[in-house]
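A closer look at the structure
Take a look at the letters that make up each chain.
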Amino acid sequence: MTGFLRPADTPAGRRAWLAGLCESIPKAGSKNDLLDLIDSALSVSAPKGDVGTLETLSKKYRDQVDKAGDVYDRVDRVSRKGLPEVWVGDTSVLASDVVAAAARAATQLAEAFQGGAMVLLALADAVKDAQQRDGDGRGKLQDAKSKLGGRDGFFDDLHENDDEENDRLTARFFASDGVGLMHAAAVAEEEAVRIAARDLNKWTSEARAGKLDTSELTAVDRLMLADTSAVDGDPEMNEILSAGDLERAARRMDQLNLDDEAAMERMLSHSDSAQERAYLMKALASGHSVQEIEAFQGKIHGKDPEWMRRHLTPVVTEADSLDDEGLAKDGSNNNKDSVTFDGQAWIQGGNGSEGTCVASSTVTARAMVDPVYALDLTGGPSGQEDDPKAFRDRLVAEQHRLHTEGDGGANWGGMGQEGQERIADSAIGSATGNDYQRHDLNNADERRAVLTDVEKAVAEGRPVPVDVSGSNGAHAMTIIAQEGDMLQVYNPWGTTTWVSEDDFINGNMGKASSSDLPNAYQVYVPQ
C-alpha cells in the first residue's frame with residue numbers, strides 16, 4: 001500500500017478528511033487507487049465516547065434534581081411561615097428577600113442538573129448512533145476491499161479486462177456508500193459534541209452563586225448578589241453580574257488589603273438596594289480601585305433601580321425578544337429592540353451617519369461590562385445628568401476617541417484588523433481581564449468551529465466583536481448573549497436582535513443588519 005497522510009484526530013478533522021474521500025472514492029480510476037483510498041478511510045478513528053459512561057453521568061445528574069427539589073421544598077416551607085422584617089448578612093438584606101432568592105437558586109440548580117442530564121443523555125444517544133453508522137460504513141469498505149483482492153503489479157495495472165473493471169466499479173460503489181456512512185457519522189459526532197459543549201457551558205455559567213467564591217462575603221450576601229437583576233427585562237436574562245463578573249469580583253475581593261476590604265464592605269452594607277450593591281461589585285469586577293468605586297457610589301447612592309438601569313445597563317433583554325416575527329424589507333429581523341438612553345440611541349455617530357461601527361460597537365460593549373464607564377457617558381462628570389443631547393455628545397466623542405486610537409479611516413470611516421483588536425483589548429479586555437484574538441472565518445466550517453468559544457465567552461458575560469460583509473462593504477457588530485441555538489447581536493445602528501447558529505454559520509447574518517451584509521468573516525474572541 002502506498003503511504004498517505006493521516007487526518008487530525010478530532011471530530012472536525014475526521015469529518016473534513018472523510019468529506020474529501022467522499023469526493024475522491026467515486027472518481028477512483030484504478031484498482032490500486034481505490035485500495036489506497038479505502039485504506040485512507042479505514043485509517044480514520046471511529047467516533048469517540050463511552051456510551052455507558054455518559055449514561056451513568058446523566059443518571060447521576062438526574063439524581064441530583066430530586067435533592068435540589070428537596071432544598072426548594074424546605075425553602076418554600078420557610079417562606080410560608082411568614083418571616084419577620086429582620087436584616088441578615090453583612091450587607092443587611094431582608095430575610096424574606098434572601099428566602100426568595102434561595103428558592104430561585106434552588107430552582108436554577110434543579111434546572112441546571114436536569115439540563116445537564118438531558119445534554120449528556122442526548123450526547124450518549126448521538127455517540128451510539130454515530131458509532132453504529134461508522135461501523136456499518138467500515139463493513140462496506142471491508143467488503144469493497146475483499147471484492148478487489150490484492151494490489152495489482154505494475155504490468156497488471158496497465159490493462160483492465162471487463163471482469164476486472166466490473167469488480168472495480170462494484171467495489172467502488174460499496175466503498176462510496178461506506179465512506180458516505182462514515183462521513184455522516186463524523187458530521188453527527190462533531191455536531192453532537194459542539195452542542196453538548198455549548199449547553200454544558202451555558203448550564204455551568206447559570207450555576208451563579210457558587211462563582212462568587214470569596215470568604216469576605218457571607219453566603220447570604222453571595223446569594224443575593226448573584227440573584228440581582230436589572231429592572232424592566234426578563235430577570236433571568238438581565239442579571240447585573242454575569243458569571244464572569246462574579247468570578248472576577250471574588251478574586252478582587254480576596255486580593256484587597258485590609259483597609260480596602262473594610263471600605264468595600266462598608267459600601268455594600270450602606271447601599272440602599274440590591275441593585276446598588278450589585279453595581280458596586282460589577283465595578284470591582286471591571287477593574288476599578290476601591291477609591292474609584294467610592295466615588296461611583298457617591299453618584300448612584302439612593303437612586304431607584306430604574307434610574308440605575310437606565311444609566312448603568314445599556315442593553316436590557318426583553319422577554320419577547322426571542323420571538324420570530326419574520327423579516328423586514330431590508331432582510332433584517334422585524335423583532336429588534338432599541339438600545340437607548342432617554343430616547344437617544346447608542347448608535348454610531350449619534351445618528352447613524354458615520355462609519356465608526358468598530359469603535360461604536362466597542363464603546364457599547366465596554367459600557368455593558370463596566371458601569372463606571374457607562375455612567376461617565378450617560379450621567380456626565382457629576383453622574384446625575386439625564387440629558388439625551390449631552391449623552392449623545394459624550395457618546396460620539398468617545399466613539400471618535402477609540403476610532404482614533406485604532407487608527408481608523410479618514411472622515412470617521414472604517415478600521416483595520418490590528419486597530420480593531422487593539423481597541424478590543426484596551427476597552428473591553430481591560431475590564432474583563434482578557435486578551436482578544438482575531439479569528440478569520442473563510443467558510444462555514446471555520447464559523448462552526450469557533451462557535452463553542454464564542455458561546456462560552458458570551459455565556460460568561462464577555463462580548464465578542466463580529467464583522468460581517470457583503471458585496472457592498474463590511475460592518476462591525478457584537479455578539480452579547482446566547483440562549484440555546486440563538487445568538488444575541490448588538491448592532492451599532494442602535495438595536496439588538498437574535499440570530500440562529502445556522503444564520504451565523506451559513507451566511508444569514510443580514511438578519512442583524514441588512515441582507516447586504518450576510519457573511520460573518522471574522523470574530524474577536526477573548527482568550
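Our subject is the structure that appears above.
Residues numbered from 1 in each chain as written. Predicted model: local features only at pLDDT ≥ 70, side-chain atom pairs only at ≥ 80, totals over all residues. Heavy atoms only, no water.

What about the side chain of Ser-40?
- Assignment of secondary structure puts Ser-40 in helix α2 (residues 31–42).
- Among the residues examined, Ser-40 registers a relative accessible area of 5% and is labelled buried.
- Within the structure, the side chain of Ser-40 is placed 3.0 Å from the side chain of Trp-17, a separation counted as a polar contact. (Helix = DSSP H or I, 4+ residues; strand = E, 2+ residues; numbered from the N terminus. Buried < 20%, exposed > 50% of the residue type's maximum accessible area, 1.4 Å probe, protein only. Polar contact = N/O pair within 3.5 Å; in protein donor to acceptor, adjacent residues only side chain to side chain.)

Observations concerning the packing of aromatic side chains
- Here the structure, examined in full by the defined rule, presents four aromatic pairs.
- Ring geometry for Phe-173 against Phe-174: centres 5.8 Å apart, planes inclined by 70°, an arrangement best described as edge-to-face.
- Ring pairing ties together the aromatic residues Phe-341, Trp-346 and Phe-391, which thus form one cluster.
- Over the aromatic face of Trp-307 sits the side chain of Lys-303, whose NZ or CZ is 5.1 Å from the ring centroid. (Phe/Tyr/Trp six-rings, centres within 6.5 Å; stacked < 30°, edge-to-face > 60°. Lys NZ or Arg CZ within 6 Å of the ring centre and 35° of its normal.)

What to know about the sheet that holds strand β7 (residues 464–470)
- If you trace the seven strands from one edge of the open sheet to the other, you get β3-β10-β9-β8-β7-β11-β6, paired in antiparallel fashion. The open sheet has two edge strands, β3 (337–338) and β6 (436–440), and neither has a second partner.
- The pairing of β6 with strand β11 (residues 519–526) spans five bridges and is antiparallel. Residue pairing in the sheet places Asp-440 in a bridge with Gln-522 of β11. (Pairing = 2+ DSSP bridges.)

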